[in-house]
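The primary structure of each chain is shown beneath.
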Amino acid sequence: MQKFDKLTGIAAPLPLVNIDTDMIIPKQFLKTIKRSGLGVNLFDEMRYDRQGNEIPDFVLNKPAYRDAQILVAGENFGCGSSREHAPWALLDFGIRCVISTSFADIFYNNCFKNGILPIVLPQEDVDKLMDDAERGSNAVITVDLESQTITGPDGGEITFEVDPWRKHCLLNGLDDIGLTLEKAPSIDAFEAKMSAERPWV
Amino acid sequence: MSGKTLYDKIWDAHLAHEAEDGTCLLYIDRHLVHEVTSPQAFEGLRMAGRTVRSPDKTIAVPDHNVPTTQGRENPDQMPEDSRIQVAALDSNAKEFGIHYYPVSDVRQGIVHIVGPEQGWTLPGMTVVCGDSHTATHGAFGALAHGIGTSEVEHVLATQTLIQQKSKNMKVEITGKLAPGVTAKDITLSVIGATGTAGGTGYVIEYCGEAIRDLSMEGRMTVCNMAIEGGARAGLIAPDEKTFEYVKGRPHAPKGAQWEAAMTWWKTLKSDDDAHWDKVVTIKGEDIAPVVTWGTSPEDVLPIDAVVPAPDSFEGGKAGAAQRALDYMGLTPGQKLSDIEIDTVFIGSCTNGRIEDLRAAAEILKGKKVKDGMRAMVVPGSGLVRAQAEEEGLADIFKEAGFEWRMAGCSMCLAMNPDQLSEGERCASTSNRNFEGRQGYKGRTHLVSPAMAAAAAVTGRLTDVREMN
Ligand code: SF4
């Protein structure tokens, strides 16, 4: 997994609530057996018309936001389907950080597994960053995971919360599975105890 | 110290390791796998030279992508990319030695219908699947939730999941349901009341007389949509109905093991003095047959209401409501029961079980689908399909003018050719009315099976209580 420590980039504003994973990556793109290559179809139905032409009004099609690395979005971002294709598509496009007032549970989890940092902030902070993001390439934002701060284009600082374990894994790009396998003796012991107590499982 | 909730008890019984920083490894009893969210996980295992730790606890079935037409065992029926995905599951199941139900097997069906049907899902278990509607299995008093593909790989390799404990939420439905009101109306009404993020951070336990009165099928419908309310999982304490349903299923315990299991299962209920972080109480008699009018499952109203005005919502929701109305092609003030529809879809892991088909057939008996409409039934599994044929339900559907399909997810997510076309409007028994969910620019109204059947007959959203 790619490490995440500090990111300075353009933030794209997407002030819609309940952006679901069907919107992030529609199902016709789930037929892949790979993780890569989904970026071109990120937000496909908002981004392209039926003929496959870009819709100029959509934020990521505007010249100022084509290289956005941060997304500022409305509440309950990533609700719906568990598809990890959603963070894969974001990552493949180049988005490494999503900021909102709230995220759906599975999506939130999936982000951390892919080196994307989802940040939950109170409404007024998201409103402020949404305003900053509206200013396009004139407004670069810095997200520093180590110090848990976001620095806006005017130098204003916002702090955010993140679970220490997830922070540790993200900062170091650690592979969960490898870490869990180190605890194999505990799993073995648990399994032995369980097959005595609940043999029908 | 206060007592424990059912969720606390299942959690405690599966905690394989707890690190000093509080990170927990939860042991997983059943891992269900389907073709869409697993190829990258198996590929990851192969690349790291890892194996599946407990193949005997891992069950795979293709469902999301498969055609629902006759003769589908012939791979030529599938477009190239779907065929590759299903073939990948076939070969992964074989390579890693996990239980598998291919499309040619009569037991194939939607993963959340196959699990309970085959007795893989049992009370007190932890069940995961790379699919958000895994919550369905909570109906058995199991802790069941959806996971992403990286977590699928993690469970395959370690039989555990890194988890943080959720908070406890109680949703109580008191009293009796009015005639014509079903499990689907309960679960939609709960989401309407709490919102799609109302359950975020919680595991919900559904309880109360109206929940107790539901069959196992109805309970699965309720838990299925817990995720639509934002919850990690939804569950219902097991009781005699649960044990009755489980008994004799192919993978349910037998003999002395059954007795031992029953002893434990009977302890699986929340203590009277358990602590709840959030409680929602809804009176059963206040729940009406409902429909959704918008593009989020929380956009729920009783069928006798009218399309709401966007300015009746607060904050960001007003904009979302306007966008939803534009997408759905509806005008504020319009009666919901005047909305004309083109298509009816009966199926999905929410409402594709035998009881759902019975409820729909009950309305359709001796009636016809309105001229010019498309109506289809997609049973949740091959076994549901066979049973419906045996009970004569299939004939009722066919005589009414419904297409009688093979089992799969079908138009619930429209990954196979079963899709809405642009602007087409559908009364659907599935669980998501998101933009484009059932096809590009398709319009979805979520309803119960009986309401879907009524809509097929009249050609508009219809109050099932007015049907005779
Ligand atoms: S029927 Fe629909 S919700 Fe259920 S598993 Fe299939 S796609 Fe998901």
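Structure first, text after, so check above.
Residues numbered from 1 in each chain as written. Chains lettered and ligands numbered in written order. Predicted model: local features only at pLDDT ≥ 70, side-chain atom pairs only at ≥ 80, totals over all residues. Heavy atoms only, no water.

What about the overall build of chain A?
Filter applied, for reference: For the purposes of this entry, the term helix denotes a DSSP run of H or I that reaches at least four residues, the term strand denotes a run of E that reaches at least two, and both are numbered from the N terminus. In this scheme, a residue with accessible area under 20% of its type's maximum is buried, one over 50% is exposed, and one in between is partly exposed, where area comes from a 1.4 Å probe on protein chains only. By definition in these notes, contact holds between two residues if any of their heavy atoms fall within 4.5 Å.
Each helix and strand in chain A was counted, giving eight helices and seven strands. Over its C-alpha atoms, taken along the principal directions, chain A stretches across nearly 60 × 45 × 25 Å. Scored against the burial criterion, the 201 residues of chain A give a buried share of 60%. Restricting the contact set of chain A to residue pairs at least 6 apart, pairs at least 24 apart contribute 65%.

Description of the state of the cysteines
How we decide: Cysteine sulfur atoms are paired as a disulfide whenever they fall within 2.5 Å.
Scanning the entire structure with this criterion turns up zero disulfides over all chains. A:Cys79 takes part in no disulfide bond, and the closest cysteine sulfur, belonging to A:Cys111, lies 13 Å away. No disulfide involves B:Cys24; its sulfur sits 14 Å from that of A:Cys169, the nearest cysteine.

Quick look at the sheet that holds strand E11 (residues 233-235) of chain B
All names here are of chain B. Filter applied, for reference: By this definition, two strands are paired if DSSP reports at least two bridges between them. Axis lines are fitted to C-alpha atoms, over the contacting stretch for helices. Their N-to-C directions set the angle, which ranges from 0 to 180 degrees.
On the basis of which strands lie adjacent, the open sheet formed by four strands has the order E11-E10-E9-E12 and parallel pairing. Each having just a single partner strand, E11 and strand E12 (278-283) make up the two edges of the open sheet. The average angle at which neighbouring strand axes cross in this sheet is 20 degrees, direction not considered.

Details of the site of the ligand
The test is simple: If even one non-hydrogen atom of a residue comes within 4 Å of a molecule or strand, that residue is called near it. When residue character is reported, Ala, Val, Leu, Ile, Met, Phe, Trp, Tyr, Cys and Pro are called nonpolar, Asp, Glu, Lys and Arg charged, and the others, Gly included, polar.
In the vicinity of the ligand, the contacting residues are B:His64, B:Ile110, B:His112, B:Asp131, B:His133, B:Ser348, B:Cys349, B:Cys409, B:Cys412, B:Leu413, B:Asn431 and B:Arg437. The class makeup of the residues in the shell around the ligand is five nonpolar, five polar and two charged.

Focus on the environment of A:Asn138
Residue and element names in this part refer to chain A. Along the chain, Asn138 turns up in the loop between helix H5 (123-134) and strand E5 (140-144). Looking at Asn138, the relative accessible area reads 66%, which means it is exposed. Between the alpha carbons of Asn138 and Gly74 there is a distance of 22 Å; along the sequence they are 64 residues apart.

Examining the packing of aromatic side chains
Heads up, the condition is: Only Phe, Tyr and Trp rings are paired, with Trp represented by its six-membered ring, and only when their centres lie within 6.5 Å; those with planes under 30 degrees apart are stacked, over 60 edge-to-face, the remainder tilted.
Under the definition given, this model contains 17 aromatic pairs over all chains. On the numbers, 5.5 Å between centres and 70 degrees between planes, the contact of B:Phe397 with B:Phe402 is edge-to-face. By relative accessible area, B:Phe397 is classed as buried at 0%. When the centroid spacing of 5.9 Å and the interplanar angle of 15 degrees are considered together, the rings of B:Phe397 and B:Trp404 count as stacked. Accessibility classification places B:Phe397 together with B:Trp404 in one group, the buried group. An aromatic cluster of at least three residues, connected via ring pairs, comprises A:Phe77, A:Phe103, A:Phe107, A:Tyr108 and A:Phe112.

Looking at a negative patch on the surface
The test is simple: Like-charged residues are merged into a patch within 9 Å and nonpolar side chains (Val, Leu, Ile, Met, Phe, Trp, Tyr) within 5 Å, provided each residue has over 30% relative accessible area and no salt bridge. Each accessible area is a Shrake-Rupley result for a 1.4 Å probe, and residues are judged covered by the shown protein chains and nothing else. Here, a salt bridge means any side-chain nitrogen of Lys or Arg that lies within 4 Å of a carboxyl oxygen of Asp or Glu. Charged residues are defined narrowly, with Lys and Arg counted positive, Asp and Glu counted negative, and His plus the chain ends left uncounted. A charge is said to be at NZ when it belongs to Lys, at CZ for Arg, at CG for Asp and at CD for Glu.
A cluster of like negative charges, contributed by A:Glu124, A:Asp127, A:Asp131 and A:Glu134, occupies part of the molecular surface. A relative accessible area of 39% means that A:Asp127 is categorised as partly exposed.

Remarks on the interface of chain B and chain A
Interface size is often expressed as the accessible area that is lost when the parts come together. Going by this rule: Defined in terms of a 1.4 Å probe, buried area is the accessible area two parts forfeit on being brought together, summed over both.
The interface is formed by 73 residues belonging to chain B together with 53 residues belonging to chain A. Here chain B packs against chain A, burying approximately 5300 Å² in sum over the two surfaces, 56% of which is carbon and sulfur. The largest share of the area that chain B buries against chain A comes from B:Gln40, B:Arg53 and B:Tyr440, three residues that together contribute 12% of it. For the pair chain B and chain A, the interface holds seven salt bridges. For the side of chain B that touches chain A, the secondary-structure elements that each account for two or more residues are strand E1 (15-18), strand E2 (24-27), helix H2 (39-48), helix H3 (80-96), helix H5 (149-158), strand E8 (160-163), helix H10 (255-265) and helix H11 (316-328) of chain B. A total of seven residues in the side of chain B that touches chain A trace back to one element, the largest contributor, which is H5(B). Class assignment of the residues belonging to the side of chain B that touches chain A gives a composition of 29 nonpolar, 26 polar and 18 charged.

Re the nonpolar core
Buried together is how nonpolar side chains tend to be arranged in soluble globular proteins. Stated formally: What we call a nonpolar core is a set of buried Ala, Val, Leu, Ile, Met, Phe, Trp, Tyr and Cys residues that are connected through their side-chain atoms within 4.5 Å.
Of all hydrophobic cores here, the largest spans 112 residues; its most connected members are A:Phe43, B:Phe397 and B:Phe402. Ignoring anything within four residues of it in the chain, the contact list for B:Phe402 reads B:Val344, B:Ile346, B:Leu364, B:Val369, B:Ala375, B:Met376, B:Val377, B:Phe397 and B:Ala456. In this structure, A:Trp200, B:Val127, B:Ile162 and B:Tyr202 belong to the second largest nonpolar core, which totals 71 residues.

Digging into H11(B)
Helical periodicity: at 3.6 residues per turn, an α-helix aligns residues three or four positions apart in one direction. Residues and elements named next belong to chain B. Our working rule: Here the expected length of a helix is defined as 1.5 Å per residue gap, with one fewer gap than residues. Taking the helix axis as origin, the arc is that swept by the directions to the C-beta atoms.
Counted at 1.5 Å a residue, the expected span for H11 with its 13 residues is 18 Å, and the 18 Å between its end C-alpha atoms agrees. Those residues of H11 that fall on the buried side of the exposure criterion are Ala321, Ala324, Leu325, Tyr327 and Met328. Across the axial projection of H11, the buried residues extend over an arc of 160 degrees, all falling on one side. Elements that come into contact with the buried residues of H11 comprise strand E18 (425-428) and strand E19 (443-446). The first or second residue beyond H11 is Gly329, which carries a positive phi of 65 degrees.

Some thoughts on the pairing of E18(B)
The side chains of a regular strand alternate, residue by residue, between the two faces of the sheet. Residue and element names in this part refer to chain B. Residue alternation in E18 divides its side chains into two sets, Arg425 and Ala427 and Cys426 and Ser428, and both sets are buried. Across three bridges, strand E15 (residues 343-346) lies against E18 in parallel orientation. Each bridged residue has a counterpart across the sheet, and for Thr343 the counterpart in E18 is Cys426. Both E18 and E19 contribute to a ladder of four bridges, which runs parallel. Bridged to Cys426 within E19 is Thr444.

Concerning the pattern of salt bridges
Residue and element names in this part refer to chain B. Scanning the model with the defined rule gives 35 salt bridges over all chains in all. The partner of Lys176 in a salt bridge is Glu209, with the nearest N and O atoms 2.9 Å apart. With Lys176 in the loop between strand E9 (167-174) and helix H6 (183-194) and Glu209 in helix H7 (residues 209-212), this residue pair connects regions lying 33 residues apart in the sequence. The class for Lys176 is partly exposed, based on a relative accessible area of 49%.

Focus: the packing of H6(B) against helix H8 (residues 216-224) of chain B
Helix packing geometry: the angle between the two helix axes and the distance between the axes. Residue and element names in this part refer to chain B. Going by this rule: Should an angle lie under 35 degrees it is considered roughly parallel, over 145 roughly antiparallel, and from 65 to 115 roughly perpendicular; all remaining angles are considered oblique. Two helices cross in a left-handed way if the nearer one is turned anticlockwise from the farther one by less than a right angle. They cross in a right-handed way if the turn is clockwise.
Where H6 meets H8, the closest approach of the two axes is 8 Å, and the angle between their N-to-C directions is 20 degrees. In terms of axis orientation, H6 runs roughly parallel to H8. For the crossing formed where H6 meets H8, the hand is right-handed. Across from Ala183, Lys184, Ile186 and Thr187 in H6, the residues of H8 making contact are Gly218, Thr221 and Val222. Tallied by class, the residues present in the contact of H6 with H8 amount to three nonpolar, three polar and one charged.

Examining the side chain of B:Asn431
Residue and element names in this part refer to chain B. Convention followed: A 3.5 Å cut-off defines polar contacts: any pair of N or O atoms within that distance qualifies, except that in protein one atom must be a possible hydrogen donor and the other a possible acceptor, and neighbouring residues in sequence count only when both atoms are side-chain atoms.
With respect to the helices and strands, the residue Asn431 is situated in the loop between E18 and E19. One polar contact links Asn431 to His133, side chain to side chain, over a distance of 3.5 Å. A distance of 2.9 Å separates polar atoms of two side chains, one belonging to Asn431 and the other to Thr350. Apart from residues lying up to four places away in sequence, Asn431 is in contact with His133, Asn224, Met225, Glu228, Pro297, Cys349, Thr350, Cys412, Arg437 and Leu446.

With respect to the sheet that holds strand E4 (residues 58-60) of chain B
Residues and elements named next belong to chain B. Here five strands make up an open sheet; going across it, the order is E5-E4-E3-E6-E7 and the pairing parallel. In this open sheet, the two strands that pair with only one neighbour each are strand E5 (99-100) and strand E7 (143-146). As paired elements, strand E3 (residues 30-33) and strand E6 (residues 126-129) share three bridges and run parallel to each other. Bridged to Arg30 within E6 is Val127.

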